Amino acid sequence: QQQVKQSPQSLIVQKGGISIINCAYENTAFDYFPWYQQFPGKGPALLIAIRPDVSEKKEGRFTISFNKSAKQFSLHIMDSQPGDSATYFCAASRPSASKIIFGSGTRLSIRP
Amino acid sequence: GAGVSQSPSNKVTEKGKDVELRCDPISGHTALYWYRQRLGQGLEFLIYFQGNSAPDKSGLPSDRFSAERTGESVSTLTIQRTQQEDSAVYLCASSLVGTGASYEQYFGPGTRLTVT
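What counts and what doesn't
Residues numbered from 1 in each chain as written. Chains lettered and ligands numbered in written order. Predicted model: local features only at pLDDT ≥ 70, side-chain atom pairs only at ≥ 80, totals over all residues. Heavy atoms only, no water. Contact = heavy atoms within 4.5 Å. Buried area = accessible area lost by both parts, 1.4 Å probe. Salt bridge = Lys/Arg side-chain N within 4 Å of Asp/Glu carboxyl O. Nonpolar A, V, L, I, M, F, W, Y, C, P; charged D, E, K, R; others polar. Pairing = 2+ DSSP bridges. Helix = DSSP H or I, 4+ residues; strand = E, 2+ residues; numbered from the N terminus. Buried < 20%, exposed > 50% of the residue type's maximum accessible area, 1.4 Å probe, protein only. Core = buried A, V, L, I, M, F, W, Y, C linked by side-chain atoms within 4.5 Å. Axes fitted to C-alpha atoms, helices over the stretch in contact; angles between N-to-C directions.

Draft legend 1. Structural view of the interface of chain A and chain B. Taken together, the contacts link 19 residues of chain A with 21 residues of chain B. In total, chain A and chain B occlude about 1,500 Å² of area from one another, counting both sides; carbon and sulfur atoms represent 55% of this. Area buried by chain A at its contact with chain B is led by Ser98(A), Lys99(A) and Phe102(A), which between them contribute 31% of it. Linking chain A with chain B are zero salt bridges, by the criterion used here. Its residues assigned to classes, the side of chain A that touches chain B comprises eight nonpolar, eight polar and three charged.

Draft legend 2. Structural context of the pairing of strand E8 (residues 72–77) of chain A. All names here are of chain A. The sheet contact formed by strand E3 (residues 19–25) and E8 spans six bridges and is antiparallel. Its bridge partner being in E8, Cys23 is matched across the sheet by Phe73. Sheet analysis places strand E7 (residues 62–67) next to E8, joined by six bridges and oriented antiparallel. Counted as the bridge partner of Ser65 is Ser74 from E8.

Draft legend 3. Up close: the pattern of salt bridges. The final tally for this structure, using the stated rule, is seven salt bridges over all chains. The salt bridge partner of Asp31(A) is Arg51(A), with a shortest N-O separation of 3.7 Å. Note that Asp31(A) is positioned in the loop between E3 and strand E4 (33–38) and Arg51(A) in the loop between strand E5 (45–50) and strand E6 (56–59), a separation of 20 residues in sequence. With a relative accessible area of 23%, Asp31(A) lands in the partly exposed category. The partner of Glu44(B) in a salt bridge is Arg36(B), and the shortest N-O contact between them spans 3.1 Å. Residue Glu44(B) is classed as partly exposed on the basis of its relative accessible area of 29%.

Draft legend 4. View of the nonpolar core. Residues Val4(A), Phe33(A), Trp35(A), Phe73(A), Leu75(A) and Tyr88(A) are the most contacted members of the largest nonpolar core, which totals 25 residues. Elements with a contribution of two residues or more to this core: strand E2 (10–14), E3, E4, E5, E7, E8, strand E9 (86–92) and strand E11 (106–111) of chain A. Per-element tally for this core: the top contributor is E9(A), with four residues. Residues within four places of Tyr88(A) in sequence aside, it is in contact with Gln6(A), Ile21(A), Tyr36(A), Gln37(A), Leu47(A), Phe62(A), Leu75(A), Ile77(A), Gly105(A), Thr106(A) and Leu108(A). Residues Trp34(B), Ile47(B), Leu77(B) and Tyr90(B) belong to the second largest nonpolar core, which totals 19 residues.

Draft legend 5. Structural context of the side chain of Thr87(A). In this structure, Thr87(A) sits in strand E9. Dropping the residues within four chain positions of it, Thr87(A) is found in contact with Tyr36(A), Gln37(A), Gln38(A), Gly105(A), Thr106(A) and Arg107(A).

Draft legend 6. A look at the sheet that holds E6(A). Residues and elements named next belong to chain A. Strands sit in the order E1-E3-E8-E7-E6 across an open sheet of five strands; the sheet is antiparallel. Lying at the two open borders of the sheet, with one neighbouring strand each, are strand E1 (4–7) and E6. Each adjacent strand pair in this sheet contributes to an overall mean axis angle of 15°, direction not counted.

In structure tokens, the structure reads:
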């Protein structure tokens with residue numbers, strides 16, 4: 001119940017295309033769903049986050065779509081750029097929780 | 001000022017030796033977290049500090065692992081009698097408030113530990 005399942009493990013997208021990464025969870029008590037971006041040799045950095053009271057959140061080229069009934073959420077990167085090449089982690093946490101549960105990560109490569 | 005810093009950036013040690021990993025959080029951040037990231041995998045929670053106390057140690061994999069935090073600042077993660085399966089990147093993060101992990105966590109660059 002504490003797991004967050006992420007797919008695909010790796011993804012190659014042409015420059016200008018749309019990158020889509022999917023995550024699914026079981027624990028309905030989760031109420032915060034962040035996405036982190038990690039470049040090689042660096043720690044993860046918060047990219048965008050959503051709470052389950054909205055179905056979509058958009059920040060620039062990055063959009064989170066959230067389906068509460070299906071217990072799924074996804075990250076869409078529009079007009080993908082080579083600089084977006086990184087590992088992306090979805091995550092989830094419960095109210096007053098001291099820890100974030102991370103997915104296994106997706107290695108995204110954007111081809112020029 | 002500066003972000004979360006960790007030292008050393010890389011550590012190679014022999015099996016059976018003890019190691020200490022250091023984390024300097026962002027000034028004023030009361031919450032501090034340690035995570036482990038094995039190659040090609042996600043982040044595994046180890047321990048959470050609120051101030052100098054650790055209300056959640058549930059992720060520490062064995063009694064060989066311990067951590068402390070002093071002065072609501074620096075934290076040290078100690079691994080005793082290291083094993084090869086301890087090889088990983090150890091990440092530290094801090095946040096302004098700890099109750100409720102929905103407050104943004106700022107990560108350091110990590111310490112890459114290799115046990116030979």
